Amino acid sequence: MSKPQSHKARKRFGQNFLHDHSVIRRIVACIGPKKGQRIVEIGPGKGALTEGIISTTERMDVVELDRDLIPILKVNLFRFPELTVHEADAMKFDFSSLATEQNIRVVGNLPYNISTPLIFHLLSQANVIEDMHFMLQKEVVDRLAARPGDNLYGRLSVMAQYYCSVESLFIVGPESFDPAPKVDSAIVRMTPHKTLPFPVKDIKGLEDTVRIGFHQRRKTLRNNYKGVLDNDDFEALQIDPSLRPERLDVEEFVRIANFIHNKEA
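These lines cover the structure that appears in this document, whether it is placed above or below. Along each chain, the written sequence defines residue order, and numbers are assigned to residues from 1. Totals for whole chains, interfaces and linings use all residues, but because this is a predicted model, local features are given only for residues with pLDDT of at least 70 and pairs of side-chain atoms are given and counted only at 80 or more. Excluding hydrogens and water, the side-chain values take into account all heavy atoms of the structure.

## Comments concerning the pattern of salt bridges
For step 1, the next point in the chain: Here, a salt bridge means any Lys or Arg side-chain nitrogen found within 4 Å of an Asp or Glu carboxyl oxygen. In the structure shown here, the tally under the stated rule is 13 salt bridges.
For step 2, the next point in the chain: Asp-208 is the salt-bridge partner of Lys-204, the closest N and O atoms lying 3.1 Å from each other. Pair noted here: Lys-204 and Asp-208 are both in helix α7 (residues 203-215), with a separation of 4 residues, about one helical turn.
For step 3, the next point in the chain: The exposure class assigned to Lys-204 is partly exposed, which follows from its relative accessible area of 46%.
For step 4, the next point in the chain: Residue burial is assigned from relative accessible area. The probe radius is 1.4 Å, only protein chains are included, and a residue is buried under 20% of its type maximum, exposed over 50%, and partly exposed in between. The exposure class of Asp-208 is partly exposed, given its relative accessible area of 22%.
For step 5, the next point in the chain: When salt bridges with common partners are traced through the structure, they connect Lys-204, Asp-208 and Arg-211 into a single cluster. Only DSSP runs of H or I covering at least 4 residues are called helices, and only runs of E covering at least 2 are called strands; the numbering of each starts at the N terminus.

Below you can see the structure in the form of structure tokens.
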């Protein structure tokens, strides 16, 4: 049984295995898993966090891309027959396929190199997700939770907060991983809104509006939306065109997106 344990972290998968048991216990406490819940873990690695969760829920799905880790998972977690391993790329995985009886809860120590596109992929399925708890690079967590006016407030902040309430929970140092990353990590909780506080008429339109707005973040709204919105439009929107994009909150971006949608209809 020792042979399957000799797996080395692979750079191409962005693997950093969490081994600090005190951190694992703290993460599990933040998640608060309960028996009968459908919890899905992305990138379980060798199963350190998985074991802490499945000990309570008794049933769990994990999505793992590295096929060499799957036998290690099965050895380490052989006591839990209700563990279902999906050998798949989380970036392409249909998480809604697991939400047949109830919404799913998603957890994971996400690879730094794909964390942002993976979060966007999950947000597109937010209607079947109860909540998400992720270990991410601290800067990504700071961006997710940033408020208007913050230096890190941007496209990721707006789109995440359109779908979810976002809470930065606690920081995890590099020494808690093997191999140790060069930056701090942090735990974030993302809870999809039961009812969207500011519903947009066209989600693709909102994505485009936010992308254009932050394309040159040091420029004003007037410059960034040149050819899309004129001074009369900004007056109708009651938004100052001399502002920079990081000054607008989610509701204002939704207002712009809906205005453009109506204008082009």
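After presenting the structure, the write-up continues.
## Looking at the layout of surface pockets
For step 1, the next point in the chain: Grid spacing is 1 Å over the protein atoms alone, the probe is 1.4 Å, and a cavity is where that probe fits but cannot get out, while a pocket is an open set with protein on both sides within 12 Å along at least five of seven lines and lining residues have an atom within 4 Å of a point. Grid points are joined across faces, edges and corners, and a volume is the space filled by probe spheres set on the points. Estimated volume of the largest pocket: approximately 720 Å³.
For step 2, the next point in the chain: What lines the largest pocket is a set of 45 residues, among which Phe-17, Gly-43, Pro-44, Gly-45 and Asn-109 lie closest to the centre.
For step 3, the next point in the chain: Gly is placed with the polar residues, together with every amino acid not listed as nonpolar (Ala, Val, Leu, Ile, Met, Phe, Trp, Tyr, Cys and Pro) or charged (Asp, Glu, Lys and Arg). Looking at the lining of the largest pocket residue by residue, the classes come out as 25 nonpolar, 14 polar and 6 charged.

## Observations regarding the sheet that holds strand β9 (residues 185-192)
For step 1, the next point in the chain: With mixed pairing, the 7 strands of this open sheet are ordered in space as β4-β3-β2-β5-β6-β9-β7. Looking at the sheet topology across the chains shown, the edges are occupied by β4 (83-87) and β7 (164-172). Averaged over all pairs of adjacent strands, the angle between strand axes in this sheet comes to 20 degrees, irrespective of strand direction.
For step 2, the next point in the chain: Strands pair, by our definition, only if DSSP identifies at least two bridges between them. The pairing of strand β3 (residues 60-64) with β4 spans 5 bridges and is parallel. Each bridged residue has a counterpart across the sheet, and for Met-60 the counterpart in β4 is Leu-83.
For step 3, the next point in the chain: Those strands touched by helix α1 (residues 21-31) are β5 (104-109), β6 (129-137), β7 and β9, and its axis lies near 160 degrees from that of β7.
For step 4, the next point in the chain: Working rule for contacts: check all heavy atoms of both residues, and any pair within 4.5 Å makes them a contact. To obtain an axis, a line is fitted to C-alpha atoms, over the contacting stretch when the element is a helix, and the angle between two such axes runs from 0 to 180 degrees between their N-to-C directions. Against the sheet, helix α4 (residues 115-123) touches β2 (38-42), β5, β6, β7 and β9, its axis set at about 175 degrees to β6.

## Brief notes about unusual backbone geometry
Glycine aside, a negative phi is what most residues show, and trans is what most peptide bonds show.
For step 1, the next point in the chain: In this structure, Glu-58 is a non-glycine residue whose phi angle is positive, near 70 degrees.
For step 2, the next point in the chain: Relative to the assigned elements, Glu-58 resides in the loop between α2 (48-57) and β3.
For step 3, the next point in the chain: Classification of Glu-58 as partly exposed rests on a relative accessible area of 43%.
For step 4, the next point in the chain: Located in the positive-phi region is Gln-238, a residue other than glycine, with phi close to 60 degrees.

## Details of helix α6 (residues 155-163)
For step 1, the next point in the chain: Counting buried positions along α6 gives 8 out of 9 residues, so the element sits mostly inside the fold.
For step 2, the next point in the chain: Taken as a whole, α6 has its buried residues at Leu-156, Ser-157, Val-158, Met-159, Ala-160, Gln-161, Tyr-162 and Tyr-163.
For step 3, the next point in the chain: The secondary structure elements touched by the buried residues of α6 are α4, α5 (138-145), β7, β9, α7 and α10 (250-264).

## Re the pairing of β6
For step 1, the next point in the chain: Burial analysis of β6 places 7 of its 9 residues in the buried class, the great majority of the element.
For step 2, the next point in the chain: With 6 bridges connecting them, β5 and β6 associate as parallel partners. Residue pairing in the sheet places Asn-109 in a bridge with Met-135 of β6.
For step 3, the next point in the chain: Crossovers are marked right-handed if the path from the first strand over the helix to the second runs clockwise, as seen with the strands pointing away from the viewer. The β-α-β motif built from β5, the intervening α4 and the parallel element β6 has right-handed crossover chirality.
For step 4, the next point in the chain: Relative to β9, β6 runs antiparallel, the two being bridged by 6 bridges. Note that in β9 the partner of Gln-137 across the bridge is Ser-185.

## Remarks on the side chain of His-86
For step 1, the next point in the chain: Take His-86: it is sitting in strand β4.
For step 2, the next point in the chain: Given the relative accessible area of 18%, His-86 is considered buried.
For step 3, the next point in the chain: Excluding residues within four positions of it along the chain, His-86 makes contact with Asp-61, Val-62, Val-63, Glu-64, Phe-93 and Leu-98.

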